Amino acid sequence: MTPDASPLELLQRLAGFDIVATVGAFITAAQHGLPMVVDGFIMSSAALAAVRLQPQVREWMLFATASAEPGHQRMMTALNAKPYLDFGLRLGEATGALAVVPLLRLACELHQHTATFAEAGVSQD
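Asks: Residues and numbers for the overall build of the protein chain, please.
Replies: Of the regular secondary structure elements, the protein chain holds six helices and four strands. Reading the helices (α) and strands (β) of the protein chain from amino to carboxyl end gives α-α-β-α-β-β-α-β-α-α. Since a compact globule built from 125 residues should have a radius of gyration of about 14 Å, the 18 Å found for the protein chain marks it as more spread out than a globular shape. Across its three principal directions, the C-alpha atoms of the protein chain cover 65 × 30 × 25 Å. Counting all 125 residues of the protein chain, 30% fall into the buried class. Excluding contacts between residues fewer than 6 apart, the proportion of contacts in the protein chain whose partners are at least 24 apart in sequence is 51%. When the accessible surface of the protein chain is split by element, carbon and sulfur atoms take 59% of a total near 8500 Å². Of note, the protein chain has its 7 positive side-chain charges centred 8 Å away from the centre of its 11 negative side-chain charges.

In structure tokens, the structure reads:
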């Protein structure tokens, strides 16, 4: 395989059906304006492939945790991503996503229900 192989060619030659299906799911979610939580090495590899195929997909991705797996940091750099949590996990089973979703929900609640300085009468002098 040549170093300039296209993302589609790489998927055809190297990825299993699970990764290819996930790439398709990421692209479809972005097309529908649905944010997605990406967690771990395998899902990050699918995320990278999806972004290489459709760069606009990246703006819909939230990255749960940094993986202790070798190569994960390189994927995060390529995706210009900074995961919310870094516990050095390599457990799989979406453990990082399960940890970060309550934090994302809390952030949304705070954003929706916290008064602005103007609403709270806080002087900005």
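Asks: Pulling in residues and values, what's your account of the environment of Val 57?
Replies: Relative to the helices and strands, Val 57 is located in the loop between helix 3 (40-53) and strand 2 (61-63). The spacing of Val 57 and Ala 5 is 52 residues in sequence and 20 Å in space, taken between C-alpha atoms. Discounting chain neighbours no more than four positions away, the residues touching Val 57 are Phe 26, Ile 27, Ala 30 and Ala 50.

Asks: Any details on the packing of helix 1 (residues 7-14) against helix 3? Residues and values, ideally.
Replies: Between helix 1 and helix 3, the shortest axis-to-axis distance is 9 Å and the interhelical angle comes to 145°. Each of Pro 7, Leu 8 and Leu 11 in helix 1 lies in contact with helix 3, whose residues at this interface are Ala 49, Arg 52 and Leu 53. Residue classes in the contact of helix 1 with helix 3 are distributed as five nonpolar, no polar and one charged.

Asks: Describe the environment of Ala 50, and please don't skip the residues or the numbers.
Replies: Position of Ala 50 relative to the elements: it lies in helix 3. Along the sequence, Ala 50 and Asp 125 sit 75 residues apart, while their C-alpha atoms lie 47 Å from each other.

Asks: Which residues make up helix 3, and what are the values?
Replies: Across its 14 residues, helix 3 extends 20 Å between first and last C-alpha, which sits within 8% of the 20 Å expected from 1.5 Å per residue. Listed in full, the buried residues belonging to helix 3 are Gly 40, Ser 44, Ala 46, Ala 47, Leu 48, Ala 49, Ala 50 and Val 51. Buried residues in helix 3 make contact with helix 1, helix 2 (17-31), strand 1 (36-38), strand 2, strand 3 (65-67) and helix 4 (72-78).

Asks: Tell me about helix 5 (residues 95-113), and name the residues and values.
Replies: With 19 residues, helix 5 extends 28 Å between its outermost C-alpha atoms, agreeing within 8% with the 27 Å of an ideal straight helix rising 1.5 Å per residue. Buried within helix 5 we find Gly 96, Ala 97, Val 100 and Leu 104.

Asks: I'd like a description of the nonpolar core, backed by residues and values.
Replies: Grouped burial of nonpolar side chains is what soluble globular proteins tend to show. Of all hydrophobic cores here, the largest spans 22 residues; its most connected members are Val 23, Phe 26, Met 61, Phe 63 and Leu 79. Where this core is concerned, the elements lending two or more residues are helix 2, strand 1, helix 3, strand 2 and helix 4. Met 61 has contacts with Phe 26, Met 36, Val 38, Ala 47, Ala 50 and Val 51, leaving out every residue within four places of it along the chain.

Reading the values: rules and limits
Each chain has its residues counted from 1, running along the sequence as written. With pLDDT at 70 or above as the cut-off, local features in this predicted model cover only qualifying residues; side-chain atom pairs require 80 or more to be listed or tallied, and sums for whole chains, interfaces and linings still use all residues. Hydrogens and waters are ignored; side-chain quantities use all the structure's heavy atoms. By the criteria applied, helices consist of DSSP H or I runs no shorter than four residues and strands consist of E runs no shorter than two, each listed in order from the N terminus. Here the globule rule reads 2.2 Å times residues to the power 0.38, and the radius of gyration is calculated from C-alpha atoms. Burial classification: accessible surface area is computed with a 1.4 Å probe over protein chains only, and a residue below 20% of its type maximum counts as buried, one above 50% as exposed, and the rest as partly exposed. Contact definition: two residues touch when any of their heavy atoms are within 4.5 Å. For the accessible areas, the method is Shrake-Rupley and the probe is 1.4 Å, while residue cover comes only from the protein chains on display. When charges are counted, Lys and Arg contribute as positive and Asp and Glu as negative, whereas His and the chain ends are disregarded. To locate a charge, the coordinates of NZ of Lys, CZ of Arg, CG of Asp or CD of Glu are taken. Interaxial angles span 0 to 180 degrees and are taken between N-to-C directions of axes, which are lines fitted to C-alpha atoms, for helices over the stretch in contact. Side-chain classes follow a simple rule in which Ala, Val, Leu, Ile, Met, Phe, Trp, Tyr, Cys and Pro form the nonpolar group, Asp, Glu, Lys and Arg form the charged group, and the remainder, Gly included, forms the polar group. To estimate how far a helix should extend, the number of its residues minus one is multiplied by 1.5 Å. To qualify as a nonpolar core, a set must consist of buried Ala, Val, Leu, Ile, Met, Phe, Trp, Tyr and Cys residues joined through side-chain atoms within 4.5 Å.

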